[in-house]
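# Analysis of the macromolecular model
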Amino acid sequence: MGTEDAIALPNSTLEPRTEAKQRLSSKSHQVSAKVTIPAKEEISSSDDDAHVPVTEIHLKSHEWFGDFITKHEIPRKVFHSSIGFITLYLYTQGINYKNVLWPLIYAFIILFILDLIRLNWPFFNMLYCRTVGALMRKKEIHTYNGVLWYILGLIFSFNFFSKDVTLISLFLLSWSDTAAATIGRKYGHLTPKVARNKSLAGSIAAFTVGVITCWVFYGYFVPAYSYVNKPGEIQWSPETSRLSLNMLSLLGGVVAALSEGIDLFNWDDNFTIPVLSSLFMNAVIKTFKK
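Residues numbered from 1 in each chain as written. Predicted model: local features only at pLDDT ≥ 70, side-chain atom pairs only at ≥ 80, totals over all residues. Heavy atoms only, no water.

As recorded by UniProt, the protein chain carries the name CTP-dependent diacylglycerol kinase 1 and is attributed to Saccharomyces cerevisiae.

Shown next, in the form of structure tokens:
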């Protein structure tokens, strides 16, 4: 009995020490946890301050038009399409298209500065998005506005190409792109994809609108308002081309579909459509010159 007690005594004295060590280690873990948790909270809060969550920016378009119209970007599409009609009206009024270049450049600079400010100042970004949110996509809240690419593409066309090619590129951007986006979103799942986020249904819509646009512009507006055109501003005419109006219009539809369907380095199509359509349309007209 005495021996067993002697053996048990050291074990009984060791148990409290082991428990004490465990308590100390658990307390140390709790202390370290208390120290590290606030640090994580501070980091996350600083990130939130630098990047306002999308949910905190209430786009006015939801309030004005409702979720359905906003989902289909109807205000944006209406604005997008209206630019083509405004440009066509200015054409009939004899506005020199070269005089539009510098206003486009000024507009690009101003909007670029505004984007730099709002992307670095969350409060201003929130006010900006609430003001013109009806014309913005949600992904543009924390990135550059698509209007910048739109203007940049037009600057390219207005600077390097003739009057008719420039106007056609703008019309295709304004109308064919809108038609492709609308039809593609509605029926694109029923047709094969031709490129990233591009469907055959959208390409057919772009082609159709492109054909109509070229036929109406060259077939009606150019001859009806010939007095607003200076010599050399209009590249195509039945007298100087081996292409008939119908053939030119069909090729214009192909240009519209190609320009809308090509995904060039993942650039914004507001930039690639006017650039590509200007290049393609100019090549078509010059290739078939008499």
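### Notes on the overall build of the protein chain
Note the following rule: Secondary structure counts use DSSP, requiring at least four H or I residues in a row for a helix and at least two E residues in a row for a strand, with both numbered from the N terminus. Buried residues are those whose accessible area, probed at 1.4 Å on protein chains only, stays under 20% of the maximum for their type, while exposed residues exceed 50% and partly exposed ones sit between those limits. When checking whether two residues touch, look at their non-hydrogen atoms; a contact exists if any pair is within 4.5 Å. Note on areas: Shrake-Rupley with a 1.4 Å probe; residue coverage comes only from the protein chains shown.
Looking only at helices and strands, one finds 10 helices and 2 strands in the protein chain. Moving toward the C terminus, one meets the helices and strands of the protein chain in the order α-α-α-α-α-α-α-β-β-α-α-α. A buried classification covers 38% of the 290 residues belonging to the protein chain. Restricting to contacts in the protein chain with at least 6 residues of sequence separation, those with at least 24 account for 79%. Of the roughly 16,900 Å² of accessible surface on the protein chain, 67% is carried by carbon and sulfur atoms.

### A short note on the packing of helix 8 (residues 200–224) against helix 9 (residues 245–261)
Note the threshold: For helices, the fitted line uses only the C-alpha atoms of the stretch in contact; every axis is such a line through C-alpha atoms, and the angle between N-to-C directions lies from 0 to 180 degrees. Roughly parallel refers to an angle under 35 degrees, roughly antiparallel to one over 145, roughly perpendicular to one between 65 and 115, and oblique to any angle outside these ranges. Crossings are classed by handedness, with left-handed meaning an anticlockwise turn of the near helix from the far one by less than a right angle and right-handed meaning a clockwise turn.
Packing of helix 8 against helix 9 brings their axes to within 7 Å, and their N-to-C directions diverge by 140 degrees. Here helix 8 lies oblique to helix 9, going by the angle between them. The way helix 8 lies across helix 9 gives a crossing that is right-handed. Where helix 8 abuts helix 9, its residues G202, S203, A206, F207, G210, V211, C214, W215, Y218 and G219 lie against L245, N246, L248, S249, L250, G252, G253, V254, A256, A257 and E260.

### Focus on the nonpolar core
Spelled out, the test is: Among the buried residues, those of types Ala, Val, Leu, Ile, Met, Phe, Trp, Tyr and Cys that are joined through side-chain atoms within 4.5 Å form a nonpolar core.
Core analysis: the biggest nonpolar cluster contains 36 residues, and I168, F171, F217, Y218, L248 and M281 have the highest contact counts within it. Within the residue set of this core, elements represented by two or more residues are helix 3 (74–92), helix 4 (101–120), helix 6 (146–160), helix 7 (163–187), helix 8, helix 9 and helix 10 (269–287). For this core, the element with the highest residue contribution is helix 7, accounting for 8 residues. Excluding residues that lie within four positions of it along the chain, Y218 makes contacts with D164, V165, I168, P223, I234, W236, L245, L248, M281 and I285.

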